[in-house]
Amino acid sequence: MGKKLGLGIIGILVVGVIYYFTAGAELITEKIKAQVNKELSSLREQGFSIQKEVDQQASKEEKEHFTLSFDNPQKISDFFISQGAQLTVKDIEMLKGLTLGVDISYQQDVYSAVSFDLYPLTLPDSFMQSPRFTPEDKTLLQLQEMLKKKTFLVHVDINKLGSGFKGYIKDIHEVFHGDNDTTVSLKNLTYTGELKNSKLKSVTQNMQHFSMHTPNKLQMTLANLKVTYMLTGDTLYDYNTNYNIEEIVFDANKAIKVHLNHLQVQSNSSVTNALASGTMTSKVKSILIDTKSEKYALKTLVFELGAKNLDIHALDKLQKIGASNEKEVNILLQKLLSNTLSLGIPAFSVASIEQNDKKMEGFELNAKVGINKPLDIKALQANPMSAISAINAHLNLNLSKELYELIAQQPQAMMALMLFQPKDVKGKKSYEVDLKDGKLLVNGSPVF
């Protein structure tokens, strides 16, 4: 939900509202205002509630104010999906009860046709009704005071050609008072984006710093984040995304500390004949783990994941229906499993591992699973083993000698290592696991 919410908020700003603010550079302010007001009224048909406040003085200054709330999650989700933002009904339902204030300004500078500030006026019902809060809760009272101060404010500028936008989220530095004071800090979060044919085409987001600190309990820091998202085709499953994070620190005092350096995540997906295929690649330069009793350092971690032949129509419908609708869910799952699906881990590796002062080479793993004939959901639910004959799988694992010896010392692994002896390949301990025609082989020896 983290990625979805981040891009989802931008989607709310850009696709839900900005889409209607692209009147064009040739229009004078009054014509832009007329167009904005006309199109804002049509948002009601998309499931939003719009209330405009009339201020004669603000009108003279070429400014307006209105409030926006989320009344019909199904309509709003359909609208976002049609405009290129991946927000499901469940995502919108979490925002129900949230009311946003929007301050609009026209022709503020050379770049902007329309600018606006957007900020929450009320919190979502899911938050307000949480059992952790009472009406007298200090944190809740402080949040309500912060809403009055417009602490959580997003600014957006739409260019005069209606082809792009830019903006920022106001810096935050707040101390939440409770049983333990928690300091939350956000610095320099900016974004830019491109619109094509009045739809979201791409978004780039940069953030210098985010941290949350509870003394003697928790410290979490994220530094220098850059995210890009681009639609590359006609569906929501035609896209490229990239995440780059310089540093992530998680420190649970007296328990564990994890420090990641230079995390990169790239993913892409494309659609052919209504079937989606995609890949995801993650790379981390180093991960330091301190459990107080043990220290580990992992260098150059790589993880790749791939999938082919996913039915996008079934995926779309699965996002829109509830899990309680078991009959419909089974029908859609059957549709997904009726194609020749394949899933794979082309690469999972760690170049080297350091345990306390002991250094060793790491491991390499690759795997793939394919469904070579349609699976019957009902038969699978009655007997999960019935899937074996329809699945082909292959796994290859290579461990350094030092790492193998370390694993062999663990009681949980002793029995498995005694049953399945590795092969020696180029100085490493190697395992080949195959599942084909209902038969499982480990290094060529049958298991069943």
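Note that the coordinates shown come from a computational prediction; the quantities given were computed from them, not determined experimentally.

**Re the overall build of the protein chain**
Here's step 1: Secondary structure summary: the protein chain contains 12 helices and 21 strands in total.
Here's step 2: Sequence separation of at least 24 residues holds for 56% of the intrachain contacts in the protein chain that already meet a minimum separation of 6.
Here's step 3: Carbon and sulfur atoms make up 55% of the accessible area of the protein chain, which amounts to about 24300 Å² in all.

**Let's talk about the confidence of the model for the protein chain**
Here's step 1: Of all residues in the protein chain, 80% have pLDDT values of 70 or greater, and the mean over the chain is 81.
Here's step 2: For the stretch residues 1-28, pLDDT sits under 50, and the model shows 78 contacts to residues farther than four places along the chain or on other chains.
Here's step 3: Here residues 56-60 is a poorly scored stretch, pLDDT under 50, and it has two contacts once near neighbours within four places are set aside; other chains count.

**Overview of the packing of aromatic side chains**
Here's step 1: Evaluation of the coordinates by the stated rule reveals four aromatic pairs.
Here's step 2: Ring centres of Phe303 and Phe348 lie 5.4 Å apart, and the angle between their planes is 90°; on these two criteria the pair is classed as edge-to-face. Of this pair, Phe303 sits in strand β14 (residues 295-311) while Phe348 sits in strand β15 (residues 342-355), and the two are 45 residues apart along the sequence.
Here's step 3: Given a relative accessible area of 27%, Phe348 falls into the partly exposed group.
Here's step 4: On the basis of an interplanar angle of 85° and a centroid distance of 5.2 Å, the ring pair of Phe348 and Phe363 is categorised as edge-to-face. Placement of the pair is Phe348 in strand β15 and Phe363 in strand β16 (residues 358-371), with a sequence separation of 15 residues.
Here's step 5: Of the aromatic side chains, those joined through ring pairs into one cluster are Phe303, Phe348 and Phe363.
Here's step 6: Across from the ring centre of Tyr111, 4.4 Å away, lies the NZ or CZ of Lys166, which sits over that ring.
Here's step 7: The ring of Tyr404 has Lys429 lying over it, and the distance from NZ or CZ to the ring centre is 5.7 Å.

**Topic: the pattern of salt bridges**
Here's step 1: Applying the stated criterion across every chain, the model contains three salt bridges.
Here's step 2: Here Lys149 ties to Glu174 by a salt bridge, and the two come within 4.0 Å at their closest N and O atoms. Taken together, the residues Lys149 in the loop between α7 (138-148) and β5 (154-159) and Glu174 in strand β7 (residues 172-176) connect sequence positions 25 residues apart.
Here's step 3: A residue is classified by how much of its surface remains accessible, and Glu174, at 15% relative accessible area, is buried.

**Structural notes on helix α9 (residues 326-336)**
In an α-helix, one full turn covers 3.6 residues, which means residues spaced three or four apart are oriented alike.
Here's step 1: Taken together, the buried positions of α9 are Val329, Asn330, Leu332 and Leu336. Viewed along the axis of α9, the buried residues span an arc of 165°, placing them on a single side of the element.

**Quick look at the pairing of β5**
Here's step 1: Of all six residues that make up β5, six are buried, and the element is covered over most of its length.
Here's step 2: Here β5 shows a buried face lined by Val154, Val156 and Ile158 and a second buried face lined by His155, Asp157 and Asn159.
Here's step 3: Bridge analysis of β5 against strand β6 (residues 164-169) gives five bridges, and the strand direction is antiparallel. Considered in β6, the bridge of Asp157 is made with Lys166.
Here's step 4: Counting the residues that bridge the hairpin from β5 to β6 gives four residues, and of these Gly162 lies at a positive phi of roughly 70°.

Thresholds applied
- Residues numbered from 1 in each chain as written.
- Predicted model: local features only at pLDDT ≥ 70, side-chain atom pairs only at ≥ 80, totals over all residues.
- Heavy atoms only, no water.
- Helix = DSSP H or I, 4+ residues; strand = E, 2+ residues; numbered from the N terminus.
- Contact = heavy atoms within 4.5 Å.
- Areas by Shrake-Rupley, 256 points an atom, 1.4 Å probe, with all protein chains shown as cover.
- pLDDT = per-residue confidence, 0-100.
- Phe/Tyr/Trp six-rings, centres within 6.5 Å; stacked < 30°, edge-to-face > 60°.
- Buried < 20%, exposed > 50% of the residue type's maximum accessible area, 1.4 Å probe, protein only.
- Lys NZ or Arg CZ within 6 Å of the ring centre and 35° of its normal.
- Salt bridge = Lys/Arg side-chain N within 4 Å of Asp/Glu carboxyl O.
- Arc of directions from axis to C-beta.
- Pairing = 2+ DSSP bridges.

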